[in-house]
Each structure stands twice: as C-alpha cells, then as structure tokens.
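Spelled out from the first residue to the last, the chains are:
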Amino acid sequence: MRTNRTVLGWVLAIACAAGAVIALADIDTPARLVLTPLFMLVVPGASVVGLLRDRDPLAALTVGAAASLVINVLLAEAMLLFDAWSPRAGVATVAVLGAFMWVLRSLYRGNGSLHTEQGARSR
C-alpha cells in the first residue's frame, strides 16, 4: 500500500512538472490542456497539505483543495486587476509559491530523521 502511494506521488509530481514546463516553454501540445491545469490545482493544495500533515487526513485534504482554489482565484483576480494577464506568469507564480511553502514546511517540520535522532538521544 505504501509503495503504491509513493509511486502515485511520483507520477503526479512528474505530471505537474511536465505541465509547468509545457506552460512556461509555451509548447503547443494536446497534453497542455490536462497537465497545466493539473499543475495549477495540485501544487498549491499539496503544499498546504504538506504543512498540515499531522492533522486529520480528510480535513487536510479539504483545506488543501480550498486553499488551491483560493490561491488560483486570487492570482487570477490580481492579474486582471493590474491588467497583467499572462498564463506563463500565473504558472511561474504558483511554482514560486509552492516552492516557498515546501521550504517553509522543511524548515518548520524538518526531515523525519532529525526527529528520530532526537528521540533516540533522549532515551
């Protein structure tokens, strides 16, 4: 079960990365219609869920989905307000925001080995 989730996670990550590359490089392909919206919806939500990983899984997924929609709507409204509509800039902004939240999660939570070593020393 764990390996299936890991494989699914990697496939989703590769699909999202491909969607970002296709949008940023302005490649005209039919896959763009699926992969770019997948990137725009999954990356913000996955970043928020990563920050809430010790919570109830259903609550974390719900908050992640809501945060993903809110981030994308606010980004679109800001681009329209400033008359700066650009799909490439939107993808780049979501990528930077997702990377920022990943760094924030890494700093806040650390990687799992640090907590294991501290727990072993305290025993």
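Residues numbered from 1 in each chain as written. Predicted model: local features only at pLDDT ≥ 70, side-chain atom pairs only at ≥ 80, totals over all residues. Heavy atoms only, no water.

Per an unreviewed UniProt entry, the recorded name for the protein chain is Putative membrane protein, and the organism is Sphaerisporangium rubeum.

A. Expanded view of the pattern of salt bridges. Throughout the structure, instances matching the rule amount to one salt bridge. Aspartate 26 is the salt-bridge partner of arginine 32, the closest N and O atoms lying 3.0 Å from each other. (Salt bridge = Lys/Arg side-chain N within 4 Å of Asp/Glu carboxyl O.)

B. Geometry of the packing of helix H1 (residues 2-24) against helix H4 (residues 87-109). Here H1 crosses H4 at 145°, and the two axes come no closer than 9 Å. In this structure, the crossing between H1 and H4 has a hand that is left-handed. Within the contact between the two elements, H1 uses Ala20, Ala23 and Leu24 and H4 uses Arg88, Val91 and Ala92. When its residues are assigned to classes, the contact of H1 with H4 shows five nonpolar, no polar and one charged. (Axes fitted to C-alpha atoms, helices over the stretch in contact; angles between N-to-C directions. Helix = DSSP H or I, 4+ residues; strand = E, 2+ residues; numbered from the N terminus. Left-handed = near helix turned anticlockwise from the far one by under 90°. Contact = heavy atoms within 4.5 Å. Nonpolar A, V, L, I, M, F, W, Y, C, P; charged D, E, K, R; others polar.)

C. Representation of the UniProt feature "transmembrane region" (unreviewed entry) in the protein chain within the structure. With numbering aligned to this structure, UniProt lists the feature "transmembrane region" (unreviewed entry) at residues 33-52, 59-82 and 88-108. Summarising residues 33-52: 95% helix, 0% strand, and an end-to-end C-alpha distance of 30 Å. The straight-line gap between the two end C-alpha atoms of residues 59-82 is 34 Å; of that span, 96% is helix and 0% is strand. (UniProt positions renumbered as here; feature names shortened; annotations may be inferred.)

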